[in-house]
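Notes for the structure review
Letter by letter, the chains look like this.
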Amino acid sequence: MIDKMMISKYFSKSQLKGLLKTGDVILPGTNVSPSFSSTGCINHIDRMAKYLSPDDLNGLQMVFFVLRWMPKWVITLLLKLCSHSNSFPSFIGAGLRMLEIGLKGATLSPYYANLTASGYEGNKVYDVIGWHPKFFVNEDGMPVKQTPVNLDSPTSEDVEKIYKVARESGPEIRDWGVKKRLQFISNLKAVILKNQEYILDRLQADTKKSRFDAITAEIFGVLDFLDYLEKNAVKILSDRKVPTPFALMGKKSKVYFEPLGTALLISPWNYPFYQAIVPICQAFIVGNAVVFKPSSDTPLKGLVEDMLSQAGFLPGWVQVVYGKGGKIGNALVDGKPDKIFLIGSQTVGKLIMERAAKYLIPVELELGGKDPMVVFEDVNIDRAVAGAIWGAFTTTGQSCTSVERLFVQDSIYEQFKQNLIKETLKLVQATDDDGNADIGPMTTRGQVEAIAAQVADAKEKGAVFLTGGDWDGRSEFVPPMIVEGVTSEMLIDREENFGPLLPIYTFSSEAEAIDLANDPEYGLSASVWSQDLKRADRVARRIYTGNVSINNVMLTEGNHALPFGGVQKSGFGRYKGEFGFYAFANIKAVLIDQNSAKMEANWFPYTAKKYRIFSDLTRALYSPGRISGLIKSAFYGLKLETYVKKLAKKGRK
Amino acid sequence: MAKDYFKVFDFIFVGAGISGPFIANDLCKGGANCLMLEAGNHYTRRTYPTNGLDGTSQMYWAGGLELGHDAKIAFLRPKVVGGGSIMNQALVDRFDDVALDDWKSVSGIKDFSMADMATWYDKAESEIEIQEIPAKFRNKNAEIFDQGFKNLNFDNAPLRRAQNDCRLEEGNCCIECLNGCRLGSKQSTPETVLKTALENGLTLASQVEVTQIIAKNGDIRVIGRDAMGGQVSYRAHNLVLGGGAIGNARLLLNSGFGKKLPHIGQGFFCHPQFMSFGIYDEKINSHLGAFQAFKSDDKGFRQEGFKLENVYAGPEGIALLVPDFGRIHHEYMEKLSHFACIEVCTRDTNPGQIKVNRKGKALIRKEQNKEDINRYEKGAKVIDDIFKSTGAKEIVHGRFGIGLHLMGCCAIGTDPATSVIDPEFRLHGHGNIFAADSSIFPNAPGINPSLTIMALSKKAAAGILRSR
Ligand SMILES: Cc1cc2nc3c(=O)[nH]c(=O)nc-3n(C[C@H](O)[C@H](O)[C@H](O)COP(=O)(O)OP(=O)(O)OC[C@H]3O[C@@H](n4cnc5c(N)ncnc54)[C@H](O)[C@@H]3O)c2cc1C
């Protein structure tokens, strides 16, 4: 079948429909021959369109645009007339012959070149017409056979090839332009929607998370992001005019947003689909080729490539590389991408940045957090409790923006705590298939061990476990644990836990809350809860962090127009939102002047007279006093220009 | 190439087709400092396109077929390093008395005689290898051709092809040679004279289309457009035009030479060729093995102004030639393996004309007069008889003619009023602009042109070297 995802550089969607319709009139298919549309050979039309003369291409575009709206019998009639072109007066006859050759050329050539859409399973045209010329070529005549590049645990040699492919794909991706690239994004959206259940199955198999967590964070989240791109990418990535100051009169200033080249993206295991598609598409829409490395714990092998390919992405545009970071990480950096974007832990962040420093490759790091939630006494307690439980335990606490420290004002602490315990105990923990479980088990064994260490340390140092105290320290079904009496000696107070562990604390004043919420090391996100929005805003401004939700939790990520990123050891740079485009863009400044005989005042030769006029002009331009300043500036400007002209003609003397 | 901007070359060549590399090879050997500019891409054996869609799109001007004002003949104009020698059928024939005498009288140049040309043909042939297809490798299509000629008592001869080893014994099917020969057997200029020219210091820039020539004070400047669309310019003492009939005419007209030389663009010929197909009950598989082996060699045909050739084409090409569309089209194409194919090539008498429009695009005006149509019809009739005598069940005439031998527009001759190039291969009135390619043909010889282009190029090169 014809790939509905077809995108052409040279024809619009409706022109392609016109071509398809015409193709099916010329080649309707028989019991042995496939029809034009069924082969999907239209997918290869750009191979021809690229080389047509501009006039011929325009002609075809127009014809197909018109034929798109014609019923098939009209096209049939038109072709019949063409078949009898010789019976018409020469002028009309010539037109008909040109039309016939144009229409037939555009349809017969891709069809009889035996080209099909990927996955086409019908009769091949060469088989139908019995076209099987054999051609044996020995070493010296043989085109070099490409040994396939190994993307699974690649060697450094493979990595070199991977980057070669990426670099070769770069110009092509760039050539499509934002608008056409966006069509691939729209296709991808449709593909993901269509394959939603399958993707969820794959996600649950790799992450064990609850189906509800999976659909909200990974499917809804991804679709919402793609939707955001569709609505905003063109606007944000279009060339921009910026003002040109008086002193540069007559010139134009512009900003272009161009791709950087090849982006290396490294993602963690907690949201393997979201953290794949979002950075990939963000980098791609700006025009970059992508090398993407998912976590070896949740690789979703083949899934991302499959979705992208169904959406029409070519294999070289986004290459997914599998393997353990420890084994292939260095090689991937050594391949010298033009940008590295990592979502992961501090440890990996440091290693990558250090390696990248060797080549001065720009990096952008989204690392972990130890995110505070600050609850003032004037809140709706039920809502704040529910928010805390979700913020701390969604995806079993395995989010970088999970609530890891809960601060409750002392006046409501006891009531809040009781509600918190009661509601937490109601959570259903399982890897379900119908959406009826709240949280799943832990995704990785390593994380289970890390949590066990923190729990043992806390217990030893006297922390009180209000829930989940009976966990055996081994089962991957780590229960939600609310912990009281945490002190600064305990690991649980300082280190990111990345699990369902929630230490709760009290505070008495706004100043104390701010002090407690400000972590000495991290600063990814925070939430502030209060009826008094002015107070909430005051606190939000004073917490040193990248993202703050007021009266909600982890919600800045819910709006794809907002940037995302941290401060301190939570990383740097911003991705998503308008600023996310800039992470992958070469923001180019362009100043346009006319080619003329005119000389610039600041060029050589320098003379004492020019110096005097220039300093008068500077004073006139930048001294206060608008009207007189303007008049003076114009006067000195003119004087300077006249003098520069004279200098150009006559030289210094 | 930027570094070459300031350099003044001895010779700049426009077009790396057949003529350009033949001349450059001799001049480079003679120590001249040469730059060759070619609008098309530079492919190698390893990179030739391997299907008809890519081949036609990538290696011809305008992405494939060009049409004249009446759209009755489709022109195929090579645009690739190697020009026509990359995708042509590599048939190499010397001219006969008929062709040369005709040239002599039109051009006023005495040298157009069998005796004088023989030297140059010998020299040209020494640069390439030429073979006949051995009898045991003739395919069924060739057998039908041969049998038909025997049945009807006409004379034929084996084709002489510029090739060195098609390794047919290994089972190769050479039809793909029409998109460039991956074996390196076809004696295209990149495999022969262009290769040695490059070894002898020729600078070649592909994907540079020359758009203007400025000849002033004995100095040449050429302006061109590179692959990115940017302007480039180069300087030289001399210029050699090897852009082919349409290419040279277009360039000279766009550069304003038409004012003094009104004959530029006049006298365009193309040996209109028409394929006919005989459909047989049994499979013919014309595309297998060596896809061509015979040509007509009949005195009568020569007098009538046509010749027949045993040829074939790719399915994209044949699909355009069979009648109608829809089911009927499919029915023909589903029988493709039952097709035999013979082509009539006419020696056209009615000159066409190349003009340029405001945008500098070449406009082709080429009509067949009564005589030309008559020649075609006589040839097509013989083909019909051949097919009938060999048992064809149905005969199909191609829907339109094809122009592959694009010739003329810068005719050689003694009189600047009726010609463009002088007998010393110089542009009339310009001692430092030369041409010896297909554009200088004063009329249609009715014989495959490429060997004569090579011979004339050898002769021109010798003249240039002598006068240096
Ligand atoms: C399919 C086919 C089959 C043929 N079969 C045969 C055959 O069997 N025997 C035979 O003798 N002849 C055959 N011919 C014809 C033969 O190939 C040509 O006559 C011959 O190639 C002409 O040589 P040339 O050097 O004059 O020009 P070409 O080979 O046409 O080369 C001209 C080159 O100049 C370039 N050029 C033109 N204008 C410019 C410009 N402004 N700037 C830069 N570059 C420019 C073109 O791109 C082209 O590459 C065939 C031709 C075709 C197309």
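Computed from a prediction, not measured in an experiment: that's the story for all the values here. (Residues numbered from 1 in each chain as written. Chains lettered and ligands numbered in written order. Predicted model: local features only at pLDDT ≥ 70, side-chain atom pairs only at ≥ 80, totals over all residues. Heavy atoms only, no water.)

Attention now moves to the overall build of chain B. Counting secondary structure elements, chain B contains 13 helices and 22 strands. Against the compact-globule benchmark of 23 Å for 468 residues, chain B has a radius of gyration of 22 Å, which places it among compact chains. C-alpha atoms of chain B, sized along the principal axes, occupy 70 × 45 × 45 Å. Out of the 468 residues in chain B, the part that is buried amounts to 62%. Long-range pairs, those at least 24 residues apart, make up 74% of the contacts in chain B between residues at least 6 apart in sequence. Taken together, the 55 basic and 54 acidic charged side chains of chain B have centroids lying 5 Å from each other. (Helix = DSSP H or I, 4+ residues; strand = E, 2+ residues; numbered from the N terminus. Rg over C-alpha atoms; globule rule 2.2 N^0.38 Å. Buried < 20%, exposed > 50% of the residue type's maximum accessible area, 1.4 Å probe, protein only. Contact = heavy atoms within 4.5 Å. Lys, Arg positive; Asp, Glu negative; His and termini not counted. Charge placed at Lys NZ, Arg CZ, Asp CG, Glu CD.)

Once that is clear, we can look at the interface of chain B and chain A. As a measure of interface size, the accessible area lost when the parts come together is often cited. Contacts between the two partners involve 50 residues from chain B, matched on the other side by 56 residues from chain A. Summed over both partners, the interface of chain B with chain A comes to about 4500 Å²; 58% of that surface belongs to carbon and sulfur atoms. The interface formed by chain B and chain A includes 5 salt bridges. Among the ionic pairs, D55 of chain A bridges to K361 of chain B, the shortest N-O distance being 3.3 Å. At the boundary of chain B and chain A, one finds 17 residue pairs in polar contact (both at pLDDT 80 or more). Every element with two or more residues in the side of chain B that touches chain A is listed here: α2 (52-59), β3 (60-67), α10 (315-321) and α11 (327-334) of chain B. At 5 residues, α11 of chain B tops the list of elements feeding residues into the side of chain B that touches chain A. (Buried area = accessible area lost by both parts, 1.4 Å probe. Salt bridge = Lys/Arg side-chain N within 4 Å of Asp/Glu carboxyl O. Polar contact = N/O pair within 3.5 Å; in protein donor to acceptor, adjacent residues only side chain to side chain.)

All names here are of chain A. Evaluated as defined, the whole model comprises 60 salt bridges over all chains. Across the pair R355 and D334 runs a salt bridge, and its minimum N-O distance is 2.7 Å. With R355 in helix α14 (residues 346-359) and D334 in helix α13 (residues 325-334), this pair connects stretches of sequence that are 21 residues apart. Residue R355 is classed as partly exposed on the basis of its relative accessible area, which comes to 24%. D519 is the salt-bridge partner of R405, the closest N and O atoms lying 3.7 Å from each other. Taken together, the residues span a long stretch of sequence, with R405 in strand β9 (residues 403-409) and D519 in the loop between α19 (510-517) and β13 (525-529) at a distance of 114 residues. Residue R405 is classed as buried on the basis of its relative accessible area of 5%. Owing to a relative accessible area of 10%, D519 belongs among the buried residues under this scheme. A network of salt bridges, in which partner residues are shared, links K189, D227, E230 and K231.

Turning our eyes to something else, we now look at the nonpolar core. Residues Y112 of chain A together with L308, Y312, I318 and F339 of chain B are the most contacted members of the largest nonpolar core, which totals 93 residues. Those residues in contact with L308 of chain B that sit more than four places away from it in its chain are F145, F149, K295, S296, F301, I342, E343, V344, G379, V382, I383 and I386 of chain B. If you look at the next biggest cluster of nonpolar residues, it comprises 90 residues, including A205, V240, I264 and A435 of chain B. (Core = buried A, V, L, I, M, F, W, Y, C linked by side-chain atoms within 4.5 Å.)

Now for the domain arrangement of chain A. Partitioning chain A into structural domains gives domain 1 (13-129), domain 2 (157-366), domain 3 (371-559) and domain 4 (608-650). The gap between the C-alpha centroids of domain 1 of chain A and domain 3 of chain A is 63 Å. (Domains from an automatic or database assignment.)

The next point concerns the domain arrangement of chain B. Residues and elements named next belong to chain B. For chain B, the assigned domains are domain 1 (1-43 + 93-127 + 188-263 + 410-468) and domain 2 (59-75 + 131-185 + 266-408). Taken residue by residue, the interface counts 31 residues in domain 1 and 25 residues in domain 2. Carbon and sulfur atoms make up 56% of the area that domain 1 and domain 2 hide from each other, which totals about 2400 Å². With a closest N to O distance of 2.7 Å, R302 and D96 form a salt bridge.

Before going further, it helps to spend a moment on the site of the ligand. Residues and elements named next belong to chain B. Close contacts around the ligand come from 36 residues, with E38, G84, L91, S438 and S450 the closest. Taking L91, its main chain carries an N or O atom lying 2.8 Å from a nitrogen atom of the ligand. One nitrogen or oxygen atom from the side chain of N448 is found 3.4 Å from a nitrogen atom belonging to the ligand. Within the complex, the protein chains bury 96% of what would otherwise be the 990 Å² of accessible surface of the ligand. Elements supplying a minimum of two residues to the shell around the ligand: β3, β4 (73-78), α3 (84-87), β9 (209-216), α8 (244-254) and α13 (450-467). Split by residue class, the shell around the ligand holds 17 nonpolar, 15 polar and 4 charged. When we break the shell around the ligand down by domain, the ones giving at least three residues each are domain 1 (1-43 + 93-127 + 188-263 + 410-468) and domain 2 (59-75 + 131-185 + 266-408). (Near = heavy atom within 4 Å. Areas by Shrake-Rupley, 256 points an atom, 1.4 Å probe, with all protein chains shown as cover. Nonpolar A, V, L, I, M, F, W, Y, C, P; charged D, E, K, R; others polar.)

Attention now goes to the layout of surface pockets. All names here are of chain A. Space inside the second largest pocket adds up to approximately 1100 Å³. As for the second largest pocket, its lining consists of 44 residues, of which W269, G344, S345, T347 and V348 are closest to the centre. Elements with a contribution of two residues or more to the lining of the second largest pocket: α13, β6 (339-343), α14 and α17 (445-460). Its residues assigned to classes, the lining of the second largest pocket shows 16 nonpolar, 19 polar and 9 charged. When residues of the lining of the second largest pocket are assigned to domains, at least three map to each of domain 2 (157-366) and domain 3 (371-559). (1 Å grid on protein atoms, 1.4 Å probe; cavity = no way out; pocket = protein on both sides within 12 Å on 5 of 7 lines; lining within 4 Å. Points joined across faces, edges and corners; volume = space filled by probe spheres on them.)

With that out of the way, let us pick up the sheet that holds strand β12 (residues 266-269) of chain B. Residue and element names in this part refer to chain B. Strand order in the open sheet formed by 4 strands is β18-β17-β12-β21, and the pairing between neighbours is antiparallel. Single-partner strands in this sheet number two, and they are β18 (362-365) and β21 (407-408). Taken together, the 2 bridges between β12 and β21 define a ladder with antiparallel strand orientation. Along β21, the bridge assignment pairs F268 with G408. The sheet contacts of α8 involve β12, β17 (352-356), β18 and β21, and relative to β17 the element is tilted by about 45°. (Pairing = 2+ DSSP bridges. Axes fitted to C-alpha atoms, helices over the stretch in contact; angles between N-to-C directions.)

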